[in-house]
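Single-letter residue listing:
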Amino acid sequence: MPGALDARNRESAIQALAEGPLDVLVIGGGITGAGAALDAASRGLRVGLVESRDLAAGTSSRSSKLIHGGLRYLEQGDFKLVKEALRERDLLVSRLAPHLVRPLPFLFPLYKKVVERPYVGAGLVLYDAMEGVKRPVPHHRHLTTRGALRRAPALRPDRLAGAMVYYDAQVDDARYTVTVARTAVRHGAHIVTRASAVTLLRDGARVTGAVVKDEESGRTFDVRAAAVIVCAGVWSDLVHEASGVRAGYQVRMSKGVHLVVPRTAIDADTGMIVRTSKSVLFFIPWDSRWIVGTTDTDWSGDRAEPAATAEDVDYLLREANRVLARPLTRADVLAVYAGLRPLVAAPPADSRAGDKASGAEKPTTKLSREHVVDTPLPGLASIAGGKFTTYRLMARDVVDAAVAGLPRPVPPSVTGQLPLLGADGLPAVLASAGRLAADYDVPPTVAGHLITRYGTLATEVLDLVSADKTLGRPLLDGYPYLRAEVAYAVTHEGALHAEDVLARRVRLHIESSDAGLAAAPEVVAVMAGLLGWNRRRRAAELRRYQDFANANAAALAPAPPAAPAAAAEPVSVPA
Ligand SMILES: Cc1cc2nc3c(=O)[nH]c(=O)nc-3n(C[C@H](O)[C@H](O)[C@H](O)COP(=O)(O)OP(=O)(O)OC[C@H]3O[C@@H](n4cnc5c(N)ncnc54)[C@H](O)[C@@H]3O)c2cc1C
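Notes on the structure follow.

Quick notes on the rules
- For every chain, the first residue of the written sequence is number 1, and numbering continues from 1 along that sequence.
- For a predicted model such as this one, the threshold for reporting local features is a pLDDT of at least 70, and the threshold for listing and counting side-chain atom pairs is 80 or more; totals across whole chains, interfaces and linings nevertheless cover every residue.
- Excluding hydrogens and water, the side-chain figures rest on all heavy atoms present in the structure.
- Put simply, DSSP H or I for four residues or longer makes a helix, DSSP E for two residues or longer makes a strand, and each gets a number counted from the N terminus.
- Note on classification: 1.4 Å probe, protein chains only; a residue is buried when its accessible area is under 20% of the maximum for its type, exposed when over 50%, partly exposed between these limits.
- Note on contacts: a residue pair is in contact if any heavy atoms of the two residues lie within 4.5 Å.
- Shrake-Rupley sampling with a 1.4 Å probe provides the accessible areas, and residues are treated as covered by the protein chains on show and by no other component.
- In summary, the charge assignment counts Lys and Arg as positive and Asp and Glu as negative, without counting His or the chain termini.
- Throughout, a charge is located at the NZ atom of Lys, the CZ atom of Arg, the CG atom of Asp or the CD atom of Glu.
- Directions pointing from the helix axis toward each C-beta atom define the arc.
- A cavity here means a set of 1 Å grid points, computed over protein atoms only, where a 1.4 Å probe fits but cannot escape. A pocket is an open set with protein on both sides within 12 Å along at least 5 of 7 lines, and lining residues have an atom within 4 Å of a point.
- Grid points are joined across faces, edges and corners, and a volume is the space filled by probe spheres set on the points.
- Residue types Ala, Val, Leu, Ile, Met, Phe, Trp, Tyr and Cys, when buried and joined through side-chain atoms within 4.5 Å, form a set referred to as a nonpolar core.
- Throughout this description, the term salt bridge denotes a Lys or Arg side-chain nitrogen within 4 Å of a carboxyl oxygen of Asp or Glu.
- Ring geometry is summarised as follows: Phe, Tyr and Trp rings, the Trp one being its six-membered ring, pair when their centres sit within 6.5 Å, and such pairs are stacked at plane angles under 30 degrees, edge-to-face over 60 and tilted between the two.
- Criterion for a charge above a ring: Lys NZ or Arg CZ within 6 Å of the ring centre, and within 35 degrees of the ring normal.

Concerning the overall build of the chain
- On a plain count of helices and strands, the chain comes out with 19 helices and 18 strands.
- The buried share of the chain, reckoned over its 575 residues, is 61%.
- Sequence separation of at least 24 residues holds for 74% of the intrachain contacts in the chain that already meet a minimum separation of 6.
- Surface accessibility of the chain: about 21,900 Å² in total, with carbon and sulfur atoms responsible for 55%.
- Between the mean site of the 70 positive side-chain charges and the mean site of the 62 negative ones, the chain shows a separation of 3 Å.

Observations regarding helix H1 (residues 10-19)
- Of all the residues in H1, the buried ones are Arg10, Ala13, Ile14, Ala16 and Leu17. Relative to the axis of H1, the buried residues are bounded by an arc of 160° and lie together on one face.
- Looking at the packing, one finds that the buried side of H1 touches strand S1 (22-27), strand S2 (47-51), strand S7 (190-193), strand S9 (206-214) and strand S10 (220-230).

Focus: empty space enclosed by the protein
- Tallied over the entire structure, the rule returns four cavities of 30 Å³ or more.
- Lining the largest cavity are 14 residues; nearest its centre among them are Ser61, Arg62, His509, Ile510 and Phe548.
- Those elements giving two or more residues to the lining of the largest cavity turn out to be strand S16 (335-344), helix H16 (498-505), helix H17 (508-511) and helix H19 (535-549).

So, the nonpolar core
- Of all hydrophobic cores here, the largest spans 50 residues; its most connected members are Leu450, Leu475, Val501, Leu502, Leu508, Val523 and Met527.
- Counting residues per element, the ones that place at least two in this core are helix H11 (426-431), helix H12 (433-440), helix H13 (444-454), helix H14 (458-467), helix H15 (483-491), H16, helix H18 (520-531) and H19.
- Beyond its immediate stretch of four places on either side in the chain, Val501 contacts Val486, Ala489, Ala495, Val506, Val523 and Met527.
- Val47, Tyr176, Cys231 and Val398 belong to the second-largest nonpolar core, a separate cluster that totals 49 residues.

Some thoughts on the pattern of salt bridges
- Counted under the stated rule, the structure contains 40 salt bridges.
- In this structure, Arg8 engages Asp6 in a salt bridge whose closest nitrogen and oxygen atoms are separated by 2.9 Å.
- We classify Arg8 as partly exposed; its relative accessible area is 43%.
- Accessibility expressed as a relative area gives 17% for Asp6, which makes it buried.
- The closest approach of N and O atoms between Lys80 and Glu84, which form a salt bridge, is 4.0 Å. Taken together, the positions of Lys80 and Glu84, both in helix H4 (residues 79-96) and four residues apart, correspond to about one turn of that helix.
- The network of salt bridges with shared partners includes Asp54, Arg194, Glu499, Asp500, Arg504 and Arg505.

A look at the packing of aromatic side chains
- Tallied over the entire structure, the rule returns seven aromatic pairs.
- Taking the centre distance of 5.8 Å and the plane angle of 25° together, the rings of Phe106 and Tyr166 count as stacked. Highlighted residues: Phe106 in strand S4 (residues 102-109) and Tyr166 in strand S6 (residues 163-170), separated in sequence by 60 residues.
- The class for Tyr166 is buried, based on a relative accessible area of 1%.
- One aromatic cluster is present, formed by Phe106, Tyr166 and Phe282 through successive ring pairs.
- Lying over the aromatic face of Trp286, Lys65 brings its terminal NZ or CZ to 5.9 Å of the ring centre.
- Stacked on the ring of Trp290, the Lys or Arg Arg263 has its end atom at 5.0 Å from the ring centre.

Everything listed is a geometric property; what it means functionally is a separate question.
Shown next, in the form of structure tokens:
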């Protein structure tokens, strides 16, 4: 099946990497690495990608899930970043991934009579003007106070002086990353998850590949490649250090925390963005829930599982409650998740980043969200910074840098014309959703749910249901996911563990109040059938998921009676 990332074929992907040689080896399977693999493979190069954990297991599953220009960066005068990001947003919404990236309205409440409306209005005129000519999302609009309360009765009416409504877009970040990776596979890339680049291979100064450790078996093997690309996000410095590479940038980690609350807790039919004392706070609709965030604080702890704290939760509740008529409490919070921004602290003098000053002293809110590409050694290119929204441009730039030293000419990037898997033919599938439901003998809601998540690939999931009716059953009562989606995660999306399914293929880890624990036995049972797990292995998988699911539990425990000592107050910002 072209573009299937079948966990059962992992051994043959490892063999393809070990046999090589490749043109390009990508280290890291977040959105940047998946994007780089797609960019390089679609230029006709032989590409491999290794990811230490799972696709999107790092920052790329823990974002605010917005594909946006970033109003805040406009206010900071970062016009180039905003313009690039808005053009990318429009390309993804209209052509490359309309099945995954959807326009979303945001209400911006105004609280200062007279002065605020012209200021915010002018910003939104500029925001709208920076888009391309063909506009896939509507223009901004002005609302009166009554109009604002009609859209968002949840807002406190006192002090409200009207609102603006503008548009950005929304994505399931992990699903998007997996889809980019699968599209790379469709173009010939070999992708292996749970495989870490341990150190770089060298021939003199030139980098010629990497020693890779299979994290499942513990064995190591060499992967030879004409060029290596480091897309390791907040791990970039570690990858460089392990091979004694002096890179031209360093990463500064900034933690961002989000709360997930039920949709019923906040009465509004639109996303919202509100100013806080230092920045802004988003209320983002997420099916039958809201995502509320985020914070921005320096982090120096565990990169793999950044933990939210009770102070983070208190801060977000406090900021949200400044504008909500019915205050949110800890009892409303279903889940909390934290991610690390890989911000560039010290870009090299000739980098693309607009901010040339060393960022070591700056607050993380002030660090540029532009990306930096560095080529510290022949055969090695490394990238960090940037935003999910601009991943395609980041991928293009780092692949350009990596292939500049190859002996043969390489065509320019084509990803601007390359719809992701599931996008081609979407209008026809949407129009014939009713027939699809009838053909596969499933309720129309099921067909709709699958099209929303997989686009035209929904039929591949439905084929699994046709072959085994038990896969048509819900994974967990009260949630739209099917058991077939677990099977599909293994056979088409490379899931190797229950965590891969519950945290990144379906999103029960952040959508349910028990972090997906109730669904874990069923997930393990479906996976076991496909991956040949015995009873011991199944028990081990369940324990492994329990450990993972409990990582953020402490943040939701009741707040300690005494005020926290000397904890830096988080600052909420858009990512
Ligand atoms: C709280 C928060 C909110 C955000 N919101 C938004 C938003 O709404 N919109 C937006 O555009 N951007 C947003 N961002 C930014 C965006 O999420 C990140 O820029 C992007 O996800 C970074 O992707 P990445 O691939 O560079 O890093 P990652 O996703 O972290 O990927 C790096 C990968 O490298 C792997 N790796 C590390 N070392 C090795 C090794 N030795 N061998 C193999 N693999 C390795 C890791 O396991 C990891 O999976 C947000 C960020 C945060 C933290």
